[in-house]
Amino acid sequence: MMNRYFILVVLFILASCQSDDAIDPIIEDDTDTPSAPDVSLYFPSTSTNEWETIAPNEINWDTDKLEELRNFLIGENTKSFMVLLNGRIVVEDYYNGHTASDTWQWNSAGKTLVTATVGIAQQNSLINIDNKVSDYLGTDWTSTTPQQEDLITVKNLLSMTSGLDDEPQVVIKRNLTYLADAGTRWAYGNVFQRLMNVVEDASGTEFETYFNNELGDRIGMNGFWNNGLIYRIYNSDTRSMAKFGLLASQNGNWDGTQIVDENFFIESKTTSQNINPSYGYLWWLNGKNKYMLPASQTEYDGTLVPNAPNDMVAAMGKDEQRIYIVPSSNLVILRMGEATVSGDNFALSSFDNMFWEKFNEVIK
């Protein structure tokens, strides 16, 4: 009887040891525990196609709602859609035959590239935005009186407050006529293109060359300026647009290197005058109490895009070329494509509010 009892005790002890051995590896091995998403700021390579990604489900985005958003964008003639979080790609889509290597025109969203280039020229002591435009282009560059022309500064061109007639599309001297003293009237017009001439005169270099040397090449952009009869429009692939959006989100800093003066970049994304508080230096600003739109002197009460975060700033171009930047969420969002079904303005359109309604459902 005693021997039988002893054998049972030994068997129980052995079974316990085997059970402990089976449990120990599970306690000690945590390789299956999902790691938290990397929230550090990331910058992609400027010389290769390398770019870190993060999956939408890793950051708890609603993938069903994301699919609904994609269907909306396809129906709105979108060619490419891209979302960065902390610099990493969360979404990179190409629709309607467009590919990652294809280029597309930025239209007026490219105005922000001109702003950044002007900021670089100023930090290089080539220009001062408070100086008269005629200091660089010479007198008699408009069809106004010398006194009226002397009032127009580089900053007036950046803020759309030159006082010149905004209706003519072609920027030539005979079309640059007086409507109001500079600084007293906001109007969205093409005279901003004279900023490119200011940079050229001050640097002694073609604008495209100066832009590439001082900005585009330094952050790995792949694009070109198309010099048409009316406009100079930037064309690039989607990732190049995303790189500029990332640079802008960091106020001109690229991976520790200040490409564009930080104070100037902050200033450019701040209300530039008191007539249209929703406009900086060729950047559109959300969250203000009123706004104005191209081809109109009407003031609208309320914020630019009600469904978007108040701190959103945007580069907006015809046919809904878009860069949305949301500093509070470390988001950069891009849309390239043909005119949307809901688009109805050279800058802001009903597309913007519809997009943000759907995007908010994705990230909630």
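Residues numbered from 1 in each chain as written. Predicted model: local features only at pLDDT ≥ 70, side-chain atom pairs only at ≥ 80, totals over all residues. Heavy atoms only, no water.

From N to C terminus, the protein includes 11 helices and 13 strands. Counting only residues that meet the buried cut, the protein has 51% of its 364 residues in that class. Intrachain contacts of the protein at a sequence separation of at least 6 include 59% that bridge at least 24 residues. (Helix = DSSP H or I, 4+ residues; strand = E, 2+ residues; numbered from the N terminus. Buried < 20%, exposed > 50% of the residue type's maximum accessible area, 1.4 Å probe, protein only. Contact = heavy atoms within 4.5 Å.)

Bringing the environment of Val39 into the picture now. Note on placement: Val39 falls in the loop between helix H1 (2-28) and helix H2 (63-75). Between the alpha carbons of Val39 and Arg88 there is a distance of 9.3 Å; along the sequence they are 49 residues apart.

Let us look at the nonpolar core. Counting residues in hydrophobic clusters, the biggest one holds 103 residues, and the most contacted among them are Trp106, Phe244, Phe355 and Trp356. In contact with Phe244, other than residues within four places in its own chain, are Trp106, Thr112, Leu113, Ala116, Leu215, Ile219, Met221, Phe265, Trp283 and Ile323. (Core = buried A, V, L, I, M, F, W, Y, C linked by side-chain atoms within 4.5 Å.)

Our focus in this paragraph is the pairing of strand E2 (residues 88-94). Among the seven residues that make up E2, five are buried, leaving the element largely enclosed by the rest of the structure. As judged from the six bridges shared by strand E1 (residues 78-85) and E2, these two strands associate in the antiparallel manner. The residue bridging Leu84 from the neighbouring strand is Ile89, located in E2. Taken together, E1 and the strand that follows it, E2, pair antiparallel across an intervening segment of two residues, in which Asn86 is found at a positive phi of about 55°. (Pairing = 2+ DSSP bridges.)

Judged by side-chain polarity, Val170, Leu229, Ile230 and Tyr231 come together as a nonpolar surface patch covering roughly 370 Å² of accessible area. Along the chain, Ile230 turns up in the loop between strand E4 (223-227) and strand E5 (232-236). (Patch = residues over 30% accessible without salt bridge, like charges linked within 9 Å, V, L, I, M, F, W, Y side chains within 5 Å. Areas by Shrake-Rupley, 256 points an atom, 1.4 Å probe, with all protein chains shown as cover. Salt bridge = Lys/Arg side-chain N within 4 Å of Asp/Glu carboxyl O.)

So, about helix H9 (residues 238-249). Between the first and last C-alpha of H9 there are 16 Å, a value that for 12 residues agrees with the 16 Å anticipated at 1.5 Å per step. Residues of H9 that are buried include every one of Thr238, Arg239, Ser240, Met241, Ala242, Lys243, Phe244, Gly245, Leu246, Leu247, Ala248 and Ser249, and no others. Just downstream of H9, Asn251 is the residue with a positive phi angle, here 55°. (Expected span 1.5 Å × (residues − 1).)

This part is about unusual backbone geometry. If you check the backbone angles, Asn107 has positive phi at about 55° while not being a glycine. Position of Asn107 relative to the elements: it lies in the loop between strand E3 (104-105) and helix H3 (111-123). Classification of Asn107 by relative accessible area gives buried; the value is 15%. In this structure, Asp140 takes a positive phi of about 70° despite not being glycine. Structurally, Asp140 can be placed in the loop between helix H4 (134-137) and helix H5 (146-150). Judged by relative accessible area, which is 47%, Asp140 ranks as partly exposed.

Moving on to the pairing of strand E13 (residues 331-337). Among the seven residues in E13, seven count as buried, and that is most of the element. Of the two faces of E13, the one carrying Leu331, Ile333, Arg335 and Gly337 and the one carrying Val332, Leu334 and Met336 are both buried. When E1 meets E13, the two strands line up antiparallel, connected through seven bridges. Its bridge partner lying in E13, Val83 is registered against Ile333. Of the strand pairs in this sheet, strand E12 (residues 321-326) and E13 are connected by five bridges, and their pairing is antiparallel. Looking at the pairing, Val326 lines up with Leu331 of E13.

The next thing to look at is the pattern of salt bridges. Counted by the stated rule, this structure contains 15 salt bridges. A salt bridge links Asp130 to Lys155, with the shortest nitrogen-to-oxygen separation between them at 3.0 Å. With Asp130 in the loop between H3 and H4 and Lys155 in helix H6 (residues 154-159), this residue pair connects regions lying 25 residues apart in the sequence. For Lys155, a relative accessible area of 25% corresponds to the partly exposed category. As a salt-bridge pair, Arg185 and Asp166 come within 3.0 Å of each other at their nearest N and O atoms. In this pair, Arg185 is assigned in the loop between H6 and helix H7 (194-203) and Asp166 in the loop between H6 and H7, connecting sequence segments 19 residues apart. For Asp166, a relative accessible area of 18% corresponds to the buried category. Overlapping salt bridges bring together Asp38, Glu52 and Arg88 as one network.

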